[in-house]
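Residues per chain are reported as follows:
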Amino acid sequence: MNTLKSNRIIHCFILAVLLFSNKNIAFGQTHIVPISATTTAGEFGGSTGITNIFNEATAFSDPLTDVLANICSVGIPIPYISGSGITTGTLTVGIPTSSIDALHIWNGWSTACELNHSLNNITLEFFSGGLSVGSEVLTVPMPDGSGFGFVVPFASTYSGIDEVTIVVNSLHGGNEIGIIELGFRAGISCDDLTTTVSSDEICLGEEITLRATSINGGTITWDGGIVDGVPFEPLTAGIHTFNATSDNVDDCSFSVDITVHDLPIVTASADNTAICIGDDVTLTGGGADAYVWDMGVVDGVAFAPAATATYTVTGTDINGCVNTDDVLVDVIALPIIDAGLDIAVCDGEPVILNGAGAGVGGTYAWDGGITDGTAFTPVATNLYTVTGTDANGCENTDDVTVTVNPLPVIDAGPNEAICIGESYTLAGTGFDISDVIVWDRGVINGIPFDPTTTETYTFTVTTAEGCMSTDNVTITVNPLPVVDFSADDTVGCDPFTVQFTSATSGESLYSWSFGDGDAAVGASVLHTYNGVGLYDVKLTVTSTDGCVDSDNYNDYINVIPQPVAHFTFMPEDESEFNYSYIFHNESTDATNYSWSFGDGATLDGEEHPTHTYPQTANGNYHITLIATNDIGCESIFEDNISIKKELIFFIPNAFTPDGDTFNETFKPIFTLGLDVYDYHMTIFNRWGEKVFESFNASKGWDGSYGNQGIVDDGSYVWVIEFGEVMSDKKHIERGTVTILQ
């Protein structure tokens, strides 16, 4: 433990009293507690050191008056240290763990007690668990002879303090008596806030309102962004602590715990969510302690719903928190079973009976040994009944009558062979005037039609009873030749040569018409178009059977103009200052453009580009434009740009490194031509010493010489060596520069 020493002289008597003030206890309510002083003889600088340590716990209403009265007049012992010839000393005081922020001092002297002088200053060092946590040096004013008390605040607040070392320093020693009372201000008295909490226990989703007011007029602030007096809703369940503070130092803070209960997880269930009409269902709630259903339903009691409905249950737990859930009960009507329409069939004709109306997953059972959807041959007219059961187990019935009638005897006629495009007439026989006769494929009995392919035609006769017989006849149709052709390319630039090819070969004749007045014969022909425009192409093919067909491709060939490339550029004058050029494209009949600028740079797609040549550019540059249309026809135009280059620079002869941000450094100014990778500047003083050197043209001399600061005003010699970008030529420039501050 470090102890501060002083050359001042302490009085022969020192009284140290610890004063503690708890919450809402005024400072003047002094409590004197025992002192634990640890020292050795002679530590206070006297010849005899400490002779007495008193530990009398006595409380006084007035620290100064009562102490003086008891010490000087009555002689009642209170905590103090006495000795002779003391000059300075240290007192270690053990105190309960607390938070202290000021020292309460009663300082005075009295002729009755031979008090002539008091303390000059007090040094405090604070300890917690044996470790120093800070110190304070407090200056104590001289007394005025009547004694007075005052509070000296610390620079900081110290918490968790269990020991304080007090070093007292007096003006001089001797046999005089000084009485000093020291009290620590532990905690600050405050006034409780007036608070209102709407509820300290709520359910999640409910609102709560917190209010606090200050009798001292302070402004209240709640943590967590809560606004005083405004309802809010805690977002999570659990115990939440909310704190209120006032900006008035005389106000206490306030803290309240709010319990937020989570909502119960309520479940609604049914013993069967899909029932047939008339069946019972039981609804049961879960996840809470009490349940109430809507629509008059009683939890756990069976009932028969009249129709499909959604039932909602409200569950309440032991905390009074409420939640809901619902369940859909589907009340299914009995299926409307359909056995199908009554059927009339010819003798020997199979019949398939299909029940309907039971829905997906439904089943059907027929009487008479009939299987649903399976063909059978009835031998006589009969009534059949089907029972249908849907996926929910609900069932119903229906029936159908099957009538068996005799078959007619008919003839469709002999088979024939024709060419496509020829007409043919089909005429069936063997029917009565009351019968219905039908040919398939849209043929009408006795009416000519034009078959397109070889087909077998079916003649059907249906009697008035619905009994039907069929007969077939085959008409063979020789096909027309296939007319299909292609061109190796359909779009081209004038003049445009095209190879036309028929998709088939081996027919007797191929005749071409090209749409420009020319014609040709052959399965594959070559034709050249002269002139821009769209052209129809027609091919006529005659088969080996003599069948003829043709096809005409409208606007099949598209002959377009050739593109013409041309451009101009700005500016047109030859100058070393011109690096950026605008190219104006004057090409015609083109859609895409490729540029080459002569410096290795190329550009595709831009119609009117701007190109900037590097500052190192020097000489002639050959520009090439390739103009291309959508089908790849191209035209090329070329021109030249000449760029002349020279070296331009300026070297100032003075600068002022005076910190005003203007003209602070010295360096050459290069406008054109500098090779930034070949640069060296050296500066010498008048004695030939090198004061600055740089290989970076952008870094100038700021007038300093190493770490010696700015050099004196005067002239300094510079040497600048550099190269130019136009060639390998090297330059050496010399001169002087003047520093002015």
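For the structure, see preceding data.
First things first, this report covers the structure right here in the doc.

Topic: the overall build of the protein
Scanning the protein from N- to C-terminus turns up 1 helix and 52 strands. Going through the 741 residues of the protein one by one, you find that 38% of them count as buried. Taking as baseline every contact in the protein between residues at least 6 positions apart, the subset at least 24 positions apart corresponds to 59%. By element, 51% of the accessible surface of the protein is carried by carbon and sulfur atoms, the whole surface being about 37700 Å².

Remarks on the sheet that holds strand S40 (residues 580-585)
Read across the sheet, 3 strands follow the order S39-S40-S43 without closing on themselves; strand pairing throughout is antiparallel. Of all strands in the sheet, those with a lone pairing partner are strand S39 (567-570) and strand S43 (610-612), marking the two edges. Here the average twist between neighbouring strands, direction ignored, is 25 degrees. Sheet analysis places S40 next to S43, joined by 3 bridges and oriented antiparallel. When the sheet's bridge partners are listed, Tyr581 is paired in S43 with His611.

Focus: the state of the cysteines
A covalent bond bridging the sulfur atoms of two cysteines is what the word disulfide describes. In the structure shown here, the tally under the stated rule is 4 disulfides. Paired by a disulfide, Cys276 and Cys394 hold their sulfur atoms 1.5 Å apart. Every disulfide takes its handedness from the sign of the S-S torsion; for Cys276 and Cys394 that torsion is -115 degrees, giving left-handed. Pair noted here: Cys276 is in strand S16 (residues 274-276) and Cys394 is in the loop between strand S23 (382-389) and strand S24 (395-405), with a separation of 118 residues, a long-range link. The buried category is assigned to Cys276, whose relative accessible area is 9%. Paired through a disulfide, Cys346 and Cys467 show a sulfur-sulfur distance of 2.1 Å. Of the two residues, Cys346 sits in strand S21 (residues 343-346) while Cys467 sits in the loop between strand S29 (455-462) and strand S30 (468-478), which places them 121 residues apart along the sequence. The exposure class assigned to Cys346 is buried, which follows from its relative accessible area of 1%. Take Cys467: its relative accessible area is 0%, and that puts it in the buried class. Unpaired in this structure, Cys547 has its nearest cysteine sulfur neighbour in Cys419, at a distance of 4.2 Å.

Let's talk about the environment of Val260
Along the chain, the position of Val260 falls in strand S14 (residues 254-261). Overall, the relative accessible area of 3% leaves Val260 in the buried class. Excluding residues that lie within four positions of it along the chain, Val260 makes contacts with Ile202, Cys203, Leu204, Pro234, Thr236, Ala237, Gly238 and His240.

Regarding the environment of Pro451
Summarising the element assignment, Pro451 is placed in the loop between strand S28 (448-449) and S29. A relative accessible area of 3% places Pro451 in the buried class.

Describing the pattern of salt bridges
What the rule picks out here adds up to 3 salt bridges. A salt bridge links Lys730 to Asp678; the shortest N-O distance between them is 2.1 Å. Residue Lys730 is found in strand S52 (residues 730-739), and its partner Asp678 is found in strand S49 (residues 674-684); the two are separated by 52 residues along the sequence. When the shortest N-O distance is used, the salt bridge between Lys690 and Glu693 registers 3.3 Å. Overall, Lys690 belongs to the partly exposed group, its relative accessible area being 41%. Since its relative accessible area comes to 35%, Glu693 is described here as partly exposed.

Calculation criteria
Numbering of residues starts from 1 in each chain and follows the order in which that chain's sequence is written. Local features in a predicted model are, by the rule used here, given only for residues with pLDDT of at least 70; side-chain atom pairs are given and counted only at 80 or more, and totals for whole chains, interfaces and linings are based on all residues. Neither water nor hydrogens contribute to the side-chain values; these are computed over all heavy atoms in the structure. Working definition: helices are DSSP H or I runs of at least four residues, strands are E runs of at least two. Numbering for both runs from the N terminus. Relative accessibility decides the category of a residue: with a 1.4 Å probe and only protein chains considered, values under 20% of the type maximum give buried, values over 50% give exposed, and everything between is partly exposed. Only heavy atoms matter for contacts: two residues are in contact if any of them lie within 4.5 Å across the pair. Only the protein chains shown count as cover for residues, with accessible areas throughout obtained via the Shrake-Rupley method and a probe of 1.4 Å. Strands were regarded as paired on the criterion that DSSP finds at least two bridges between them. Between N-to-C directions, angles cover 0 to 180 degrees, with each direction set by a line fitted to C-alpha atoms, over the stretch in contact for helices. Cysteine sulfur atoms are paired as a disulfide whenever they come within 2.5 Å of each other. Note on definitions: salt bridges are taken to be side-chain nitrogens of Lys or Arg within 4 Å of carboxyl oxygens of Asp or Glu.

Coordinates in, geometry out; function isn't part of it.
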